[in-house]
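So you can see what is in the structure, the chains are spelled out below.
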Amino acid sequence: MAEEKESTSIPLSQAENGGVDPEDPAKSSPSSPNSSTRKACCFVLQSWVSKKFMTGCVVLFPVAVTFFITWWFIQFVDGFFSPLYEHLGIDIFGLGFITSLLFVFFVGVFVSSWMGAAVFSVGEWVIKKMPFVRHIYSASKQISSAISPDQNTTAFKEVAIIRHPRVGEYAFGFITSTVILQRENEDEELCSVFVPTNHLYIGDIFLVNSKEIIRPNLSIREGIEIIVSGGMTMPQVISPQERVARLNDRIPLNRMM
């Protein structure tokens with residue numbers, strides 16, 4: 001009789017919970033409909049908040065980067081002449097930045113004159129005689145000449161489209177110079193095409209036959225904008241210069257007819 005009583009006895013904690021063990025999920029009571037609805041609403045709300053938060057990050061990220069770089073540039077340029085004004089007892093933020101811009105403007109005006117060009121040539125000759133500095137100056141000058149409004153001999157000549165890296169794929173580049181490759185049968189004209197990679201002035205140089213280069217009707221400025229924007233400013237239609245010239249030749253004939 002004692003064994004039967006021990007086997008049929010129920011713990012006090014289970015008796016209070018109606019004989020159900022709360023730690024056993026298989027024996028626990030099913031969740032109520034209100035609990036399922038509450039979980040679904042929380043999931044939808046969490047998803048909506050996360051999506052809107054990411055949308056705000058996407059919108060504010062380029063704005064924050066733009067303001068940060070602009071602020072850094074203003075402080076950097078302002079630091080050239082700010083110590084001079086601080087020595088004079090003038091503490092106006094931005095005055096050094098405006099002075100720097102005016103200084104660059106007047107340097108451009110001075111160098112454009114014959115006297116400024118002569119002084120600049122002498123200074124350039126001195127820099128080119130320095131052992132290590134001349135290489136840095138030459139590379140920097142070539143970079144600045146590429147976007148110079150004067151479009152001198154060292155600037156980008158034309159925008160080019162070449163077949164690269166495989167047949168059927170094309171890459172944007174800039175024609176920088178031409179070279180004649182002497183062969184036994186006939187000479188071949190090659191164009192030096194600079195193809196930027198992840199930056200406007202970091203890329204590869206290819207020697208391509210001038211007949212295999214597609215010359216689109218794009219200016220140097222438009223080509224630079226396409227490279228810098230990652231192709232987002234790409235026009236919907238690109239036509240080679242030869243086709244544009246043929247179309248322009250046909251228009252007067254059609255008008256005459």
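Residues numbered from 1 in each chain as written. Predicted model: local features only at pLDDT ≥ 70, side-chain atom pairs only at ≥ 80, totals over all residues. Heavy atoms only, no water.

Colleague: Any chance you could break down the side chain of Ser82 for me, citing the residues and the numbers?
Modeller: For Ser82, the position within the fold is in helix α3 (residues 33–87). A distance of 2.4 Å separates the side chain of Ser82 from the side chain of Asp78, its partner in a polar contact. (Helix = DSSP H or I, 4+ residues; strand = E, 2+ residues; numbered from the N terminus. Polar contact = N/O pair within 3.5 Å; in protein donor to acceptor, adjacent residues only side chain to side chain.)

Colleague: Hey, could you go over the pairing of strand β2 (residues 170–181) for me, with residue numbers and the actual values?
Modeller: By the bridge criterion, six bridges tie strand β1 (residues 158–163) to β2 in an arrangement that is antiparallel. Residue Glu158 lies in a different strand from β2, and its bridge partner there is Ile175. (Pairing = 2+ DSSP bridges.)

Colleague: Report on the UniProt feature "transmembrane region" (unreviewed entry) in the protein, specifying residues and quantitative values.
Modeller: The UniProt record annotates "transmembrane region" (unreviewed entry) at residues 53–74 and 94–127. Taken end to end, residues 53–74 is 100% helix and 0% strand, and its first and last C-alpha atoms sit 31 Å apart. (UniProt positions renumbered as here; feature names shortened; annotations may be inferred.)

Colleague: I'd like a description of the confidence of the model for the protein, backed by residues and values.
Modeller: Caution applies to low-pLDDT parts of the model: their predicted coordinates are not meant to be read in detail. Mean pLDDT over the protein stands at 76; residues scoring 70 or higher make up 74%. For the protein, the element scoring lowest by mean pLDDT is helix α1 (residues 2–7), at 46; β1 scores highest, at 88. Predicted confidence for residues 12–20 stays below pLDDT 50, and this span has seven contacts to residues more than four positions away or in other chains. (pLDDT = per-residue confidence, 0-100. Contact = heavy atoms within 4.5 Å.)

Colleague: An account of helix α7 (residues 220–228) is requested, with residue identities and associated values reported.
Modeller: What α7 keeps buried is the set Ile220, Gly223, Ile224 and Ile226. One side of α7 holds all its buried residues, which, seen down the axis, span an arc of 160 degrees. Seen from the buried face of α7, the exposed residues on the opposite side, beyond 90 degrees, are Arg221 and Val228. After α7 finishes, the residue Gly230 shows a positive phi value of roughly 70 degrees. (Buried < 20%, exposed > 50% of the residue type's maximum accessible area, 1.4 Å probe, protein only. Arc of directions from axis to C-beta.)

Colleague: Kindly report on the side chain of Ser210, identifying the contributing residues and their values.
Modeller: Tracing the backbone through its elements, the reader meets Ser210 in the loop between β4 (202–209) and α7. Residues within four places of Ser210 in sequence aside, it is in contact with Glu189, Cys191 and Arg215.

Colleague: Please set out the packing of helix α4 (residues 95–112) against helix α5 (residues 114–128) residue by residue, giving values where relevant.
Modeller: Contact geometry for α4 and α5: axes closest at 4 Å, N-to-C directions at 95 degrees. The pairing of α4 with α5 is recorded here as roughly perpendicular in orientation. Taking contact as the criterion, the partners of Phe110, Val111 and Ser112 in α4 are, on α5, Trp114, Met115, Gly116, Ala117 and Val119. (Axes fitted to C-alpha atoms, helices over the stretch in contact; angles between N-to-C directions. Parallel < 35°, antiparallel > 145°, perpendicular 65-115°, else oblique.)

Colleague: I'd love a proper account of the nonpolar core, names of residues and values included.
Modeller: Judged by nonpolar contacts, Phe156, Val159, Ile161, Phe172, Phe174, Phe194, Leu218, Ile220, Ile224 and Ile226 together constitute the single largest core of ten residues. Those elements that provide at least two residues to this core are β1, β2 and α7. The element best represented in this core is α7, accounting for three residues. (Core = buried A, V, L, I, M, F, W, Y, C linked by side-chain atoms within 4.5 Å.)

Colleague: Break down the environment of Ser121 for me, with residues and values.
Modeller: Turning to its location among the elements, Ser121 is positioned in helix α5. Placed ten residues apart in sequence, Ser121 and Val111 show a C-alpha to C-alpha distance of 9.7 Å.

Colleague: I'd love a proper account of the packing of aromatic side chains, names of residues and values included.
Modeller: All chains considered together, the criterion is met by five aromatic pairs. Between Phe76 and Phe80, the aromatic rings sit 5.3 Å apart at their centres with planes inclined by 80 degrees, giving edge-to-face as the arrangement. With Phe76 and Phe80 both in helix α3 and four residues apart, the pair spans about one turn of that helix. (Phe/Tyr/Trp six-rings, centres within 6.5 Å; stacked < 30°, edge-to-face > 60°.)

Colleague: Hey, could you go over the state of the cysteines for me, with residue numbers and the actual values?
Modeller: Counting across every chain of the model gives zero disulfides. For the unlinked cysteine Cys41, the closest cysteine sulfur is that of Cys42, found at 7.0 Å. (Disulfide = S-S within 2.5 Å.)

Colleague: Describe the environment of Asn217, and please don't skip the residues or the numbers.
Modeller: In this structure, Asn217 sits in the loop between β4 and α7. The exposure class assigned to Asn217 is partly exposed, which follows from its relative accessible area of 40%. Separated by 21 residues in the primary sequence, Asn217 and Ile238 have C-alpha atoms spaced 6.9 Å apart.

Colleague: If you had to explain unusual backbone geometry to someone new, which residues and values would you point to?
Modeller: With the exception of glycine, the majority of residues adopt a negative phi angle, and the majority of peptide bonds are in the trans configuration. With omega at 0 degrees, the peptide bond leading from His164 into Pro165 counts as cis. Looking at the element boundaries, Pro165 is found in the loop between β1 and β2.

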